[in-house]
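# A look at the structure
Now for the letters of each chain:
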Amino acid sequence: MAQAPASPDPAGAPAGTAAPTPAAPSPATPYPAAPLPSAPDAAPQPAAAPLGGGSAQGSPAPSSPPAAEPSVAAPASPAEPAAPAAAAPASEAARPIAPTKHSGELSAWSMFMDADIVVKAVMVGLAFASVLTWTIFLGKLAELALAQARLKKAIKGLEECRTLPEAQLMMGKRRDVTAILVQQAAQEVRLSSDVQGEAGLKERVASRFGEVQKTEGRLIRRGMGLLATIGSTSPFVGLFGTVWGIMNSFIGIAKSQTTNLAVVAPGIAEALLATAIGLVAAIPAVIVYNHFARSTKGYLDGVGRAAGAVGRILSRDLDRARGAQSSRAHAAE
């Protein structure tokens, strides 16, 4: 039976060889390709001739590589919204905060350093007043304790004395208030030695005692007037610094044209610091003043008891002198 002749290979390959596998088509892009600019058709390249004038048996003729297609930029993803043409105006809360002179965390020292010169002067004055208050407190506390201890000891000694010369001997070279009382009584007795009348002598001695007590009261109250001044004026001085600082804060708010709390708070905080320092200076001054007012009153009461003890000694001396005169008068009769 005759066999059908083999169909010739379109590529010119000999019969019995496998036909070349066609190239797989490129996958379609997910988005429609943009229209490409018109370009001249590329001329088809001839197939390369096999070496030696013919193709080797069993190997297909090499195919020409496909022409490179121009790259097409993919359109923007529909998930990404297009930017609006113009942004909406920002609200006041979203405005950028104007730079301020405060940096870092707000502490008492940083607020003092950033404060106005007037507020700084107020704070320094109030701090000095507070230091002065505690200095007076410590000094007067030691002074009153020492004076009261000496006064109690002197009163106990005067109560045991029988005559004024004996009291002078007991005092020796002391320079406290009891020694001054004894010296004043002895001096008045000496000056009134040629004057008759015991009532006049006691009155003059009591006048001297009153002057001594007034002088001692002025000495023991030294510094208390300053305490009263600090206690009464410090809150008002601190309030002045606060008012001045708040005025500057409002001026800064007007310049920055914003009411953001981060801009407003530091200035108001440093203004209120002046009032706080004023209260810190005033409250201890008032407490210390009231304490020393009670203590000095008790001390002056002790001075009055010492004056009474010296007056009793003088009265006994006068009675002895009168009794001695009566005895001499009876003896003369």
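Owing to the predicted nature of the structure, the values given are computational and were not obtained by experimental measurement.

On to the overall build of the chain. Regarding its fold elements, the chain presents 7 helices and 0 strands. Its helices and strands taken in sequence order, the chain reads α-α-α-α-α-α-α from the N to the C terminus. Here the chain holds 333 residues, and the buried ones make up 25% of them. In the chain, of all internal contacts separated by at least 6 residues, the share reaching a separation of at least 24 is 80%.

If you check UniProt for "transmembrane region" (unreviewed entry), the listed places come out as residues 117-142, 224-247 and 267-289 in our numbering. Strand forms 0% of residues 117-142 and helix 100%; the C-alpha atoms that close the span are 38 Å apart. The annotated region residues 224-247 carries 100% helix and 0% strand content, and the separation between its end C-alpha atoms amounts to 35 Å.

Let us now look at the packing of helix α4 (residues 177-191) against helix α5 (residues 198-220). Between α4 and α5, the shortest axis-to-axis distance is 10 Å and the interhelical angle comes to 150 degrees. It follows that α4 is roughly antiparallel to α5 by the angle criterion. You can see that α4 and α5 cross each other, and the crossing is right-handed. Of the residues in α5, those in contact with V177, I180, L181, Q184, A185, Q187, E188, V189 and L191 of α4 are L201, R204, V205, R208, F209, V212 and E216. When its residues are assigned to classes, the contact of α4 with α5 shows 10 nonpolar, 2 polar and 4 charged.

Right, let's talk about a nonpolar patch on the surface for a bit. Together, L239, F240, V243, W244 and M247 make up an exposed nonpolar region whose accessible area comes to about 470 Å². Looking at where V243 falls in the secondary structure, it is placed in helix α6 (residues 224-256). Exposure remark for V243: the relative accessible area of 44% places this residue in the partly exposed category.

With that settled, the discussion passes to the packing of aromatic side chains. Working definition: an aromatic ring pair is given by the centre-to-centre distance plus the angle between the planes. Taken as a whole and judged by the stated rule, the model has 3 aromatic pairs. The interplanar angle of 45 degrees and the centroid separation of 5.9 Å between the aromatic rings of F137 and F292 together place this pair among those described as tilted. Of this pair, F137 sits in helix α2 (residues 117-158) while F292 sits in helix α7 (residues 261-332), placing them 155 residues apart in sequence. Overall, F292 belongs to the buried group, its relative accessible area being 1%. Taking 6.2 Å as the distance between ring centres and 45 degrees as the angle between the ring planes, the aromatic pair formed by F240 and W244 counts as tilted. With F240 and W244 both in helix α6, this residue pair falls 4 residues apart, about one helical turn. Each member of the aromatic cluster is reached from another via a ring pair, and the members are W134, F137 and F292.

Now for helix α3 (residues 164-171). Among the residues of α3, those classed as buried are L164, A167 and M171. Buried residues in α3, looked at end-on, bunch into an arc of 55 degrees, giving them a common side. Counted as exposed and oriented over 90 degrees from the buried face of α3: P165 and L169. At the C-terminal side of α3, G172 shows a positive phi close to 60 degrees.

Counting residues in each nonpolar core, the largest one holds 36 residues, and the members touching the most others are L158, L164, Y299 and V310. If you list the elements that add at least two residues to this core, you get α2, α3, α4, α5, α6 and α7. Here Y299 is in contact with L144, A147, Q148, L151, V177, E216 and I220, once residues within four sequence places are set aside. Core analysis: the second largest hydrophobic core is formed by 6 residues, M111, V119, L273 and A274 among them.

Quick look at the side chain of T242 now. Here T242 is to be found in helix α6. Under the relative-accessibility criterion, T242 is labelled buried at 5%. Looking at T242, its side chain comes within polar contact range of the main-chain oxygen of A271, at 2.8 Å. Beyond its immediate sequence surroundings of up to four residues, T242 is in contact with A271, L272, A274 and T275.

Rules and cut-offs
Residues numbered from 1 in each chain as written. Predicted model: local features only at pLDDT ≥ 70, side-chain atom pairs only at ≥ 80, totals over all residues. Heavy atoms only, no water. Helix = DSSP H or I, 4+ residues; strand = E, 2+ residues; numbered from the N terminus. Buried < 20%, exposed > 50% of the residue type's maximum accessible area, 1.4 Å probe, protein only. Contact = heavy atoms within 4.5 Å. UniProt positions renumbered as here; feature names shortened; annotations may be inferred. Axes fitted to C-alpha atoms, helices over the stretch in contact; angles between N-to-C directions. Parallel < 35°, antiparallel > 145°, perpendicular 65-115°, else oblique. Left-handed = near helix turned anticlockwise from the far one by under 90°. Nonpolar A, V, L, I, M, F, W, Y, C, P; charged D, E, K, R; others polar. Patch = residues over 30% accessible without salt bridge, like charges linked within 9 Å, V, L, I, M, F, W, Y side chains within 5 Å. Areas by Shrake-Rupley, 256 points an atom, 1.4 Å probe, with all protein chains shown as cover. Salt bridge = Lys/Arg side-chain N within 4 Å of Asp/Glu carboxyl O. Phe/Tyr/Trp six-rings, centres within 6.5 Å; stacked < 30°, edge-to-face > 60°. Arc of directions from axis to C-beta. Core = buried A, V, L, I, M, F, W, Y, C linked by side-chain atoms within 4.5 Å. Polar contact = N/O pair within 3.5 Å; in protein donor to acceptor, adjacent residues only side chain to side chain.

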